[in-house]
Amino acid sequence: NEIKLFAPATIANVSCGFDILGLCLDSVGDEMIIRQVSEPGVTISKISGQDLPLDPQKNVAGVAALSMLEHLNTNVGFEIEIEKKIKPGSGIGSSAASAAGAVFGINELLGKPYTQTELIFFAMQGEKLASGSAHADNVAPAIMGGFTMVTSYDPLQVTKINPPKELYATVIHPQIEVKTADSRSVLKQNVSLKTMVQQMGNFGGLISGLYTEDYNLIARSLHDEIIEPHRSILIPEFDRVKEACLNNGALGSGISGSGPSIFALSRGEETAQKVAAGMQQVYQGVQVDFDIHISKI
Ligand code: HSE
């Protein structure tokens, strides 16, 4: 009894939705094999592609799976193999993919005893290990697909938003590692009333634009007044990459999750390709190594 699955990368925050909004990428992700075994507990038998701990208590997939098995109170166990294709510390939900993949796979093997929201909750326990905070904005889109919005953490409530048909994401990853815990520690704990009003306007505009497929409204709303100013200093050439995206027709651009990846949303594949070329040109000019991906959302 085993399952082979694709655990997708994700973009969290999407500019104005810190810890709330996320979207699923279909062009990059980990591959996992999960096997039901008679010995209770969780074993991670193999990880290729990255040097990560096999001890299930120290591995995000292991912690997420263990929290689920503890809740199930079962005698069966699971063996997990991970082929990591998403680099840790890249800002496209590397830890979330492993955690979400583990709980999704086990749930399938057990005949789906849990709802998607329950799976998101278990996967969040892996996120807590990885970054010190149990945010759901990467694990939710990894499990549900499309755009997701966490409308409440306690109790956990997540809404899926079907993406507008012509929306594409371009993501560039400069080859440096930024740990989520570090890029959370540079954030201010308070915002002014004025900034809150701006951010709420943008968030409402973005959600409304997604539902009504209003690309102009999406473009007007993809701004982040709160997080980006503090985090962008950790990312090489952030302002120039963002400017290149906008100059090449992107609807908007910002930091993917906690960085250092930078994302842009575009209407249509052709624009997403142009945006990719503009992003690359900036990094080639200053000799920063990078990976780049385009995904239909
Ligand atoms: N919302 C989280 C953060 C996502 O920005 O810290 C981390 O990928």
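Residues numbered from 1 in each chain as written. Predicted model: local features only at pLDDT ≥ 70, side-chain atom pairs only at ≥ 80, totals over all residues.

### A word on the overall build of the protein chain
- Helices and strands together make up the secondary structure of the protein chain, namely 10 helices and 10 strands.
- Compactness check: the protein chain gives a C-alpha radius of gyration of 19 Å against a globular reference of 19 Å for 297 residues, within 12% of the reference.
- Counting only C-alpha atoms, the protein chain reaches 55 × 40 × 35 Å along its principal axes.
- For the protein chain, the proportion of its 297 residues judged to be buried stands at 49%.
- Across the protein chain, contacts joining residues at least 24 apart in sequence account for 71% of those joining residues at least 6 apart. (Helix = DSSP H or I, 4+ residues; strand = E, 2+ residues; numbered from the N terminus. Rg over C-alpha atoms; globule rule 2.2 N^0.38 Å. Buried ≥ 20, exposed ≤ 12 C-beta atoms within 10 Å, placed from the backbone. Contact = placed C-beta atoms within 7 Å.)

### Observations regarding the site of the ligand
- Surveying the vicinity of the ligand reveals the residues Ala12, Asn13, Phe18, Asp19, Gly93, His135, Asp137, Asn138, Thr180, Arg184, Gly257 and Ser258.
- Residue composition of the shell around the ligand, grouped by class: two nonpolar, seven polar and three charged. (Near = placed C-beta within 6 Å. Nonpolar A, V, L, I, M, F, W, Y, C, P; charged D, E, K, R; others polar.)

### Details of the UniProt feature "domain: GHMP kinase C-terminal" (unreviewed entry) in the protein chain
- Sites flagged by UniProt as "domain: GHMP kinase C-terminal" (unreviewed entry) map to residues 207-283.
- Between the end C-alpha atoms of residues 207-283 there is a gap of 31 Å, over a span that is 55% helix and 13% strand. (UniProt positions renumbered as here; feature names shortened; annotations may be inferred.)

### Focus on the nonpolar core
- Core analysis: the largest hydrophobic core is formed by 88 residues, its most contacted members being Ala64, Ala65, Ala100, Val103, Ala123 and Val139.
- Residue contacts for Ala100: discarding those within four places in its chain leaves Ala7, Ala123, Val139, Ala142 and Ile143. (Core = buried A, V, L, I, M, F, W, Y, C linked by C-beta atoms within 7 Å.)

### Comments concerning the packing of helix H2 (residues 94-109) against helix H3 (residues 116-131)
- Remark: H2 packs on H3, axes separated minimally by 8 Å, with the N-to-C direction vectors making an angle of 145°. Judged by the twist between their axes, the crossing of H2 over H3 is right-handed. Judged by residue contacts, Ser95, Ala96, Ser98, Ala99, Ala100, Val103, Phe104 and Asn107 of H2 engage Leu119, Phe122, Ala123, Gly126, Glu127 and Ala130 from H3.
- Along the lines of polarity and charge, the residues of the contact of H2 with H3 split into nine nonpolar, four polar and one charged. (Axes fitted to C-alpha atoms, helices over the stretch in contact; angles between N-to-C directions. Left-handed = near helix turned anticlockwise from the far one by under 90°.)

### Focus: helix H6 (residues 193-212)
- With 20 residues, H6 should cover 28 Å at 1.5 Å per step; its first-to-last C-alpha distance of 28 Å lies within 8% of that length.
- Of the surrounding elements, those touching the buried residues of H6 are strand E5 (147-153), strand E6 (156-161) and helix H7 (215-221).
- One or two residues past the end of H6 sits Glu213, with phi positive at roughly 55°. (Expected span 1.5 Å × (residues − 1).)

### Concerning the sheet that holds strand E7 (residues 167-174)
- Read across the sheet, four strands follow the order E8-E9-E7-E10 without closing on themselves; strand pairing throughout is antiparallel. Because the sheet does not close on itself, it has two edges, and the strands there are strand E8 (252-255) and strand E10 (290-296). Strand after strand, the sheet turns through a mean of 20° between neighbouring axes, direction not considered.
- Pairing between E7 and E10: seven bridges, direction antiparallel. Paired with Pro174 across the bridge in E10 is Phe290.
- Most of the contacts of helix H9 (residues 238-247) go to strand E9 (residues 262-267), to which it runs at about 10°, and overall it touches E7, E8 and E9. (Pairing = 2+ DSSP bridges.)

### Some details on unusual backbone geometry
- With an omega dihedral of 5°, the bond running from Asp154 to Pro155 counts as a cis peptide bond.
- In this chain, Gly259 is followed by Pro260 through a cis amide linkage whose omega measures 5°.
- Locating Pro260 in the fold gives a position in the loop between E8 and E9.
- Of note, the phi angle at Asn73 is positive, near 55°, even though the residue is not glycine.
- Within the secondary structure layout, Asn73 lies in the loop between helix H1 (60-72) and strand E4 (77-83).
- A residue is classified by how many C-beta atoms lie within 10 Å of it, and Asn73, with 6 of them, is exposed.

### Topic: H9
- Of the positions making up H9, those classed as buried are Phe238, Val241, Lys242, Ala244 and Cys245. Across the axial projection of H9, the buried residues extend over an arc of 155°, all falling on one side. Summarising the geometry of H9, the exposed residues directed more than 90 degrees from the buried face are Asp239 and Asn247.
- Turning to H9, the residues buried within the fold contact E7, E8, E9 and helix H10 (269-285).
- Gly249 occupies a position one or two residues after H9 and carries a positive phi of about 100°. (Arc of directions from axis to C-beta.)

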